[in-house]
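Here are the chains, one letter per residue:
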Amino acid sequence: MGILRRVKELFLAETNGLLDKCEQPLNMVNQYMREFDLELAKGQKALANQLFIERRQAALIAETENQIEKRDRQSRLAVKQGEEHIAKLAIQEKLLQEKKLATYQSQYATIQEQTKVLEERIAQLLVQSEEFNHRRLLLASRANVASSLKEMSQTVVSFQTENVSKGFARAEEKVMLIEAELEAMQRFQSPVNRSAPQYLDPGLKDNIEKALEELKLQTED
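Residues numbered from 1 in each chain as written. Predicted model: local features only at pLDDT ≥ 70, side-chain atom pairs only at ≥ 80, totals over all residues. Heavy atoms only, no water.

1. Section: the overall build of the chain
Step number 1: Counting its regular elements, the chain contains five helices and zero strands.
Step number 2: Helices and strands appear in the chain in the N-to-C order α-α-α-α-α.
Step number 3: Per-residue burial over the chain gives 13% buried out of 221 residues.
Step number 4: Within the chain, contacts between residues separated by at least 24 positions form 76% of all contacts whose residues are at least 6 apart in sequence.
Step number 5: Taken as a whole, the chain presents about 18,700 Å² of accessible surface, with 58% of it coming from carbon and sulfur. (Helix = DSSP H or I, 4+ residues; strand = E, 2+ residues; numbered from the N terminus. Buried < 20%, exposed > 50% of the residue type's maximum accessible area, 1.4 Å probe, protein only. Contact = heavy atoms within 4.5 Å. Areas by Shrake-Rupley, 256 points an atom, 1.4 Å probe, with all protein chains shown as cover.)

2. What about the confidence of the model for the chain?
Step number 1: Predicted confidence across the chain gives a mean pLDDT of 77, with 69% of residues reaching 70 or more.
Step number 2: Within the chain, no element has a lower average pLDDT than helix α4 (residues 191-195), which sits at 51, and none a higher one than helix α2 (residues 25-80), at 89. (pLDDT = per-residue confidence, 0-100.)

3. A few points about the pattern of salt bridges
Step number 1: Evaluated as defined, the whole model comprises four salt bridges.
Step number 2: Between K42 and E39 there is a salt bridge; the shortest N-O distance is 3.6 Å. Here K42 pairs with E39, and both are found in helix α2, just three residues apart, close to one helical turn.
Step number 3: Classification of K42 as exposed rests on a relative accessible area of 54%.
Step number 4: Among the charged side chains, a salt-bridge network with shared partners connects D72, R76 and K94. (Salt bridge = Lys/Arg side-chain N within 4 Å of Asp/Glu carboxyl O.)

4. Some remarks on the packing of aromatic side chains
Step number 1: All chains considered together, the criterion is met by one aromatic pair.
Step number 2: Their ring planes at 85° and their centres at 5.2 Å tell us that F36 and F132 sit as a pair that is edge-to-face. A residue pair is termed long-range when its members are at least 10 positions apart, and F36 in helix α2 and F132 in helix α3 (residues 84-189) qualify at 96 residues.
Step number 3: Judged by its relative accessible area of 27%, F132 is partly exposed. (Phe/Tyr/Trp six-rings, centres within 6.5 Å; stacked < 30°, edge-to-face > 60°.)

5. Quick notes on α2
Step number 1: With 56 residues, α2 ought to run about 82 Å at 1.5 Å a step, and its terminal C-alpha atoms sit 82 Å apart, in line with that.
Step number 2: Residue G82 follows α2 closely and has a positive phi angle near 75°. (Expected span 1.5 Å × (residues − 1).)

6. Quick notes on the environment of N49
Step number 1: As for its placement among the helices and strands, N49 is situated in helix α2.
Step number 2: Placed 66 residues apart in sequence, N49 and T115 show a C-alpha to C-alpha distance of 9.6 Å.

Below, the structure is given as structure tokens:
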């Protein structure tokens, strides 16, 4: 059970860490911009399809107008040639094509309105895209400055409260060590100190005492 609990805690910690990283301001803005760019790409694709439909409809209208002119010439020619039945057939086809032309033109007008709406919407999205990119640059600059100042502030606070004190203590200890080493070197390197040690040798105690007594007697004489 202890291992499972530790695995669970580790998983939650890593998950929360990933979520925190994902929720960083710039990461969030970049994700929003990716989603916006996808929507813009969809809009541009829809506009391309709409322009294709509009052009196809225009071609259909042109073809129908050609058919109407053709049937009109056929009916006139049949009348001149006294072929009344052929003239009627040509007139009938002309009327049918004119009816189709009216429908096609109405559809074309609707398609043009739809194209205009799409173009306006794409134009708005492009303006928004430029604005969003500008805002993202400003936000990136602000985030960079804020992060840098935060790191500097944290470093200064930590440095002032702990590192300065510890640094001075280490420096003082090194200076004291150097001074002690120098004092030790001076003591043992001085000729006076080498010939006249500052301590009494226990092995010479008796001789020292005897010589001292003799010195005192000589002084009294």
